[in-house]
Amino acid sequence: MTSDKIREKAEEIDRIINKYLPKEEGQALTVMKAMNYSIHVGGKRLRPMLMMETYRMFGGDTDAVIHPFMAAMEMIHTYSLCHDDLPAMDNDLMRRGKKSTHAEFGEAMGILAGDALLNYAFETAIRAFDVVPGSGESDAERLAMAMRVSRALRILAKKAGIYGMIGGQVADVEAEDKDPSEVTMDTIKYIHENKTAAMIESSMMIGAALAGASEEEVAELERAGSDVGLAFQIADDILDVTGDDATLGKPVGSDEKNGKTTYVTLVGLEQAKNDVRSLSERAVSKLERLRGSDTESGRFLKELIESLIERDR
Ligand code: GRG
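The structure presented is a predicted model; accordingly, all values stated were derived computationally and were not measured.

### Points about the site of the ligand
In the vicinity of the ligand there are 17 residues, among which Lys44, Arg47, His77, Arg96 and Gln233 approach most closely. When the free accessible area of the ligand is taken as 700 Å², the share hidden by the protein chains comes to 92%. Among the secondary structure elements, those contributing two or more residues to the shell around the ligand are helix 4 (63-84), helix 8 (165-176), helix 9 (185-210) and helix 10 (215-242). Considering only residue class, the shell around the ligand consists of four nonpolar, seven polar and six charged.

Dropping the structure here:
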């Protein structure tokens, strides 16, 4: 996978997301600036990328349906970073190489910008219902499209909440207060599966659901996404040990400094690297068995997942 190809896709996604960001105006101007700031400071756009390519892999071709969900996904991801950086959580002053949102706008605006991004994500995703039907579509086809949008909304809401990302964050916050020896691999896996993998799974599931994939296909993508998410988070833990501040855009070594139990502290660096590789391979072989895996998007997805093994940020 050339990094040029990934960069081009990320630029395409930035143009899409920009169309859905709030206009900076009116008396709530500051929070709108803080929302847009936190999105614009950067990010790999991995989740909307996975969503867009999975949608295309399953034959989806209606921009007005997939684009609002891609923007919504990045808004939810960005809200989680905004809140994760707050003094009550990780208290990080840097994110994506720039000042974190609360460091730039103050704590109250950091909280509100996160809240607003979460709410605006749903305001945005709901716009997928507005698709103006083509003249040839029957009522039945329009109803089928509306059903796909509501199925995607259900996935988005669940995976961002207590049965997904927020659930994982709760376990993570509580694990930090425990004696490191009490934090088991089961807990670490629960945290990773929910805090990190849930939004990666849901990105792929939503892409497929909006393109009309079957229940079984969406369930298989949930499993593939879970492997990708776990591999991605272990890679993140590895980067905290082996990465550098400038490339990552945040200080490395924070896990060790905080005495945090991570996948790497439990199994060691070499085993962690091997596990990233085998999880990525397992995810790719699941994808290979799915419809559309031999399309351009299917091939891109496989390469993207494989590239996570070598990521440096
Ligand atoms: C506050 C409800 C709530 C949740 C926070 C996502 C999260 C949960 C915390 C962020 C901290 C963290 C290390 C999460 C693990 C997932 C992860 C590696 C996020 C960073 O995602 P990237 O690398 O970030 O895709 P960019 O900046 O590229 O978008």
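### A few points about the nonpolar core
Soluble, globular proteins show a tendency: their nonpolar side chains are buried together. Membership of the largest hydrophobic core comes to 65 residues, with the highest contact counts inside it found for Phe69, Leu156, Ile206 and Leu210. For this core, the element with the most residues is helix 4, which contributes 10 residues. Residues contacting Leu156, with those up to four places away along its chain left out, are Phe69, Ala72, Met73, Ile76, Phe122, Ala125, Met199 and Ile206. Of all hydrophobic cores here, the second largest spans 14 residues; its members include Ala171, Ala175, Leu230 and Ala231.

### Details of unusual backbone geometry
In this structure, Arg45 takes a positive phi of about 60° despite not being glycine. The topology assignment puts Arg45 in the loop between helix 2 (29-40) and helix 3 (46-57). According to the relative accessible area criterion, Arg45 is buried, its value standing at 4%. Positive phi is not limited to glycine here, since Arg96 has a value of about 55°. Summarising the element assignment, Arg96 is placed in the loop between strand 1 (94-95) and strand 2 (98-99).

### As for the packing of aromatic side chains
Applying the stated criterion across every chain, the model contains one aromatic pair. When the ring of Tyr37 is compared with that of Phe105, the centres are 5.4 Å apart and the planes differ by 70°; the resulting orientation is edge-to-face. In this pair, Tyr37 is assigned in helix 2 and Phe105 in helix 5 (residues 101-105), connecting sequence segments 68 residues apart. On the basis of relative accessibility, which here comes to 24%, the residue Phe105 falls in the partly exposed class. Over the ring of Phe300 we find Lys9; its NZ or CZ atom is 4.8 Å from the centre of that ring.

Thresholds applied
Every chain's residues receive numbers from 1 upward, in the order its sequence appears when written. In view of the model being predicted, local features appear only for residues whose pLDDT reaches at least 70, and side-chain atom pairs are presented and counted only at 80 or more, with totals across whole chains, interfaces and linings using the full set of residues. As a rule here, side-chain values cover all heavy atoms of the structure and leave hydrogens and water aside. Any residue with a heavy atom positioned within 4 Å of a molecule or strand is treated as near that molecule or strand. Methods summary: accessible areas were calculated by the Shrake-Rupley approach with a probe of 1.4 Å, and residue burial reflects only the protein chains presented. In this description a helix means any DSSP run of H or I spanning at least four residues, a strand means any run of E spanning at least two, and both kinds are numbered starting from the N terminus. Each residue gets one of three labels, nonpolar for Ala, Val, Leu, Ile, Met, Phe, Trp, Tyr, Cys and Pro, charged for Asp, Glu, Lys and Arg, and polar for the others, Gly among them. Among buried residues, the Ala, Val, Leu, Ile, Met, Phe, Trp, Tyr and Cys ones that are joined through side-chain atoms within 4.5 Å form a nonpolar core. Burial classes follow relative accessibility: with a 1.4 Å probe on protein chains only, a residue under 20% of its type's maximum area counts as buried, one over 50% as exposed, and anything between as partly exposed. For this analysis, residues touch if any pair of their heavy atoms sits within 4.5 Å. Side-chain rings of Phe, Tyr and Trp, where Trp is taken by its six-membered ring, are said to pair if the distance between their centres is within 6.5 Å; with planes under 30 degrees apart they count as stacked, over 60 as edge-to-face, and otherwise as tilted. Here, a charge over a ring means that NZ of Lys or CZ of Arg falls within 6 Å of the ring centre while also lying within 35 degrees of the ring normal.

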